[in-house]
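Understanding the architecture of this molecule
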Amino acid sequence: MKKLSIIIPVYNEASTIYDVLKTTNEVVLIHQVEKEIIVVNDCSTDHSLDEINRFSAAFPGVIHLVTHPVNKGKGGAIHTGIDATTGDYIIIQDADLELNPWEFNLLIRPVIEENADIVYGSRFLNAPPDYKGLSRVANNFLTRLSNIVFGIRITDMETCYKLVPARVFKRMKLVENRFGFEPEITAKLAKDRTLEWKEVAITYQPRTSQQGKKIGWKDGIRAIICILKYGWFTSGKQSYRS
């Protein structure tokens, strides 16, 4: 791995996006891996774009910004970001402060030192026993269902931190424009049995809907549909471009 492409989809995250960009810029990757930061403003209606531009003025040349004229959803923003990347590997960073960009290095290490191809950052691998709640229950259910349908063994299918080779990402036929992106990509990665998977524990600071969290119960229903659709009813040939 020589360069890591970091895609940051942004929709109405004015209160956090500047700090996320600042922290991501400060991260020093191990093994002298370079980084590029691709920011996709998904037609935000708050002051997110102002905050992104404020960062660009303070740190010129650090980010590559793409702005959608209409809102396409998180998955749609990621599709745009993938097309703009030039790195060997790709990872997604949400525009909030739930995950710590410095932990990119936890995911990079198995690729360079253990020959892993795919690395997932699990919020639950070493989570404290008192970390419960409806979100945890929903994530456990979706992950267990994914493991059964996809024939894999992971602890956090819905994690944002999925480190994937760019050559694999760019070959995928991606369809989902909202949060169904997470089960879709996991299902399609699982269809390539040549890929070596690894999971590492990451820290997680969950926020509430009052703080701006956007995923809801409808996205959970869509996730179940996507698990079944892309796991059982989509072939490997349908998942990748030739």
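Please refer to the structure higher up on the page.
Residues numbered from 1 in each chain as written. Predicted model: local features only at pLDDT ≥ 70, side-chain atom pairs only at ≥ 80, totals over all residues. Heavy atoms only, no water.

1. Thoughts on the overall build of the protein chain
If you tally the helices and strands in the protein chain, you get nine helices and seven strands. For the protein chain, whose C-alpha radius of gyration is 17 Å, the value lies close to the compact-globule estimate of 18 Å for 242 residues. When its C-alpha atoms are laid out on the principal axes, the protein chain stretches across 50 × 40 × 40 Å. Residue pairs in contact within the protein chain that sit at least 24 positions apart in sequence constitute 82% of those at least 6 positions apart. The average position of the 31 basic charges and that of the 28 acidic charges among the side chains of the protein chain differ by 6 Å. (Helix = DSSP H or I, 4+ residues; strand = E, 2+ residues; numbered from the N terminus. Rg over C-alpha atoms; globule rule 2.2 N^0.38 Å. Contact = heavy atoms within 4.5 Å. Lys, Arg positive; Asp, Glu negative; His and termini not counted. Charge placed at Lys NZ, Arg CZ, Asp CG, Glu CD.)

2. Notes on the sheet that holds strand β6 (residues 162-165)
Across the sheet, seven strands lie side by side as β3-β2-β1-β4-β6-β5-β7; this open sheet has mixed pairing. Looking at which strands have only one partner, the edges of the open sheet turn out to be β3 (63-67) and β7 (197-201). On average, adjacent strands in this sheet sit at an angle of 20° to one another, irrespective of strand direction. As paired elements, strand β5 (residues 118-122) and β6 share two bridges and run antiparallel to each other. (Pairing = 2+ DSSP bridges. Axes fitted to C-alpha atoms, helices over the stretch in contact; angles between N-to-C directions.)

3. Remarks on the pairing of strand β4 (residues 89-92)
Side chains of β4 alternate between two faces, with Tyr89 and Ile91 and Ile90 and Ile92 buried alike. As judged from the four bridges shared by strand β1 (residues 3-10) and β4, these two strands associate in the parallel manner. If you follow serine 5 over to β4, its bridge partner there is isoleucine 90. (Buried < 20%, exposed > 50% of the residue type's maximum accessible area, 1.4 Å probe, protein only.)

4. A few points about the pairing of β6
Burial along β6 is two-sided: the residues Lys162 and Val164 and Leu163 and Pro165 are all buried. Of the pairings in the sheet, the one linking β4 to β6 comprises two bridges and is antiparallel in character. When the bridges of β6 are listed, tyrosine 89 appears paired with proline 165.

5. Some details on unusual backbone geometry
Located in the positive-phi region is asparagine 12, a residue other than glycine, with phi close to 55°. Within the element layout of this structure, asparagine 12 appears in the loop between β1 and α1 (17-26). Unlike most non-glycine residues, cysteine 43 shows phi in positive territory, near 55°. With respect to the secondary-structure elements, cysteine 43 resides in the loop between β2 (34-41) and α2 (48-58). Take cysteine 43: its relative accessible area is 24%, and that puts it in the partly exposed class.

6. Observations concerning the nonpolar core
Of all hydrophobic cores here, the largest spans 67 residues; its most connected members are Leu4, Ile8, Leu21, Leu163, Phe169 and Leu189. Residue contacts for leucine 163: discarding those within four places in its chain leaves Met1, Leu4, Tyr89, Ile90, Ile91, Leu107, Ile108, Val111, Asp117, Ile118 and Val119. (Core = buried A, V, L, I, M, F, W, Y, C linked by side-chain atoms within 4.5 Å.)

7. Thoughts on the state of the cysteines
Enumeration over the complete set of coordinates arrives at zero disulfides. Cysteine 160 takes part in no disulfide bond, and the closest cysteine sulfur to it belongs to cysteine 226, at a distance of 17 Å. Judged by relative accessible area, cysteine 160 falls into the buried class, the value being 7%. (Disulfide = S-S within 2.5 Å.)

8. As for the pattern of salt bridges
Inspection of the entire model under this criterion finds 11 salt bridges. A salt bridge links glutamate 182 to lysine 74; the shortest N-O distance between them is 3.3 Å. Note that glutamate 182 is positioned in helix α7 (residues 181-190) and lysine 74 in helix α3 (residues 73-84), a separation of 108 residues in sequence. Here glutamate 182 matches lysine 74 in class, with each residue buried. In this structure, a network of salt bridges that share partners links the residues Lys74, Asp94, Lys162 and Glu182. (Salt bridge = Lys/Arg side-chain N within 4 Å of Asp/Glu carboxyl O.)

9. As for helix α4 (residues 104-114)
For α4, the full list of buried residues reads Phe104, Asn105, Leu107, Ile108, Pro110 and Val111. Downstream of α4 by one or two residues, asparagine 115 has phi in the positive range, about 60°.

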